[in-house]
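Analysis of the macromolecular model
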Amino acid sequence: MRKPLIAGNWKLHKTLSEAKELAGSLAANLSDVTEVDVVIAPVFTALTSVAEVIQSSPLKLAAQNCYPVETGAFTGEVSPALLKDAGCEYVIIGHSERRQLLDETDHFINLKLIKALEAGLKPILCIGETLQERETDQMLEVLTTQIKGGLANLSATHMAEVVIAYEPVWAIGTGKTASAEQAQEAHSFIRGLLQGLFTKEVALATRILYGGSVKPNNVDGLMAMDDIDGALVGGASLKADDFIRLVRFEK
Ligand code: PGA
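Bear in mind that the values here come from a model prediction, so they are computed numbers and not experimental data. (Residues numbered from 1 in each chain as written. Predicted model: local features only at pLDDT ≥ 70, side-chain atom pairs only at ≥ 80, totals over all residues. Heavy atoms only, no water.)

So, the site of the ligand
- In the vicinity of the ligand, 13 residues are found, and the nearest of them are Lys11, His95, Glu167, Gly173 and Ser213.
- Between the ligand and Ser213 there is a distance of 2.7 Å, counted from an oxygen atom to a backbone nitrogen or oxygen.
- Computed on the free molecule, the ligand has an accessible area of 280 Å², of which 97% lies beneath the protein chains in the complex.
- When the residues that make up the shell around the ligand are grouped by side-chain class, the tally is four nonpolar, seven polar and two charged. (Near = heavy atom within 4 Å. Polar contact = N/O pair within 3.5 Å; in protein donor to acceptor, adjacent residues only side chain to side chain. Areas by Shrake-Rupley, 256 points an atom, 1.4 Å probe, with all protein chains shown as cover. Nonpolar A, V, L, I, M, F, W, Y, C, P; charged D, E, K, R; others polar.)

See below:
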């Protein structure tokens, strides 16, 4: 019922020519994939070039961030409308690196989400607890705050376009993955929150991705879980072979 989605977050990696090469290799090797939505998120400067490379493939383009204003005196920022214009269909919002390094708040993240939706982009809202929060039993509270804050003022109709990514901060780039059971537990909790905030239908229809050291050797176990609908992948999305294997996960 929920179409799986595998997204590659390239973060601050790849020159223009490297980005085009990786995108070209993915487009050539994943041209037959229709059962899974495949999304790649290069840096801003590579978006339009990568958009051209993947144009006639099933791959979709995402940006890694946006600013919640359409146009104006906002030096250095990029609006959702311009991302759409550059060929993006998705935008990653509220990644833990931005929450931690740039002090992004749930309120700011919520504004971005709303503006992204208004511009016709599909937001991928990232949430997740730190190790300290998990160890001090604050995980459920943190997830609740991030979901309620991030999705404030959204309607059930809006939610049809929203993707959630549960990314425990302690598992990002560390090689430590949450076990499939730990991830399933968090995903099921998040789905319960969505039911409380919206409706059962919304909760059942929303895709919840897992992120944090997803690799070819653990993707199948994660994807076998009932409430895990895909993955947001950092490190392993930078190598064509690894990412192709992730997209071709086995249930
Ligand atoms: P990772 O990154 O796969 O390298 O852990 C995931 C992410 O930050 O989205």
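Notes on the sheet that holds strand 8 (residues 230-233)
- The parallel closed barrel is built from eight strands, whose spatial order is 1-2-3-4-5-6-7-8. With strand direction ignored, the average angle separating the axes of adjacent strands in the sheet is 25°.
- Two elements, strand 1 (residues 5-9) and strand 2 (residues 37-41), share five bridges in a ladder whose sense is parallel. Bridge pairing in strand 2 links Leu5 to Asp37. (Pairing = 2+ DSSP bridges. Helix = DSSP H or I, 4+ residues; strand = E, 2+ residues; numbered from the N terminus. Axes fitted to C-alpha atoms, helices over the stretch in contact; angles between N-to-C directions.)

Overview of helix 5 (residues 106-118)
- Here helix 5 spans 18 Å end to end across 13 residues, near enough to the 18 Å set by a 1.5 Å rise per residue.
- Taken residue by residue, helix 5 has Asp106, Ile109, Asn110, Lys112, Leu113, Ile114, Ala116 and Leu117 as its buried positions.
- Taken together, the buried residues of helix 5 touch helix 3 (80-85), strand 4 (90-93), helix 4 (96-101), strand 5 (122-127), helix 7 (139-150) and helix 8 (156-159).
- Positive phi shows up at Gly120, right after helix 5, with a value of about 85°. (Expected span 1.5 Å × (residues − 1). Buried < 20%, exposed > 50% of the residue type's maximum accessible area, 1.4 Å probe, protein only. Contact = heavy atoms within 4.5 Å.)

So yeah, pure geometry; function would need other evidence.
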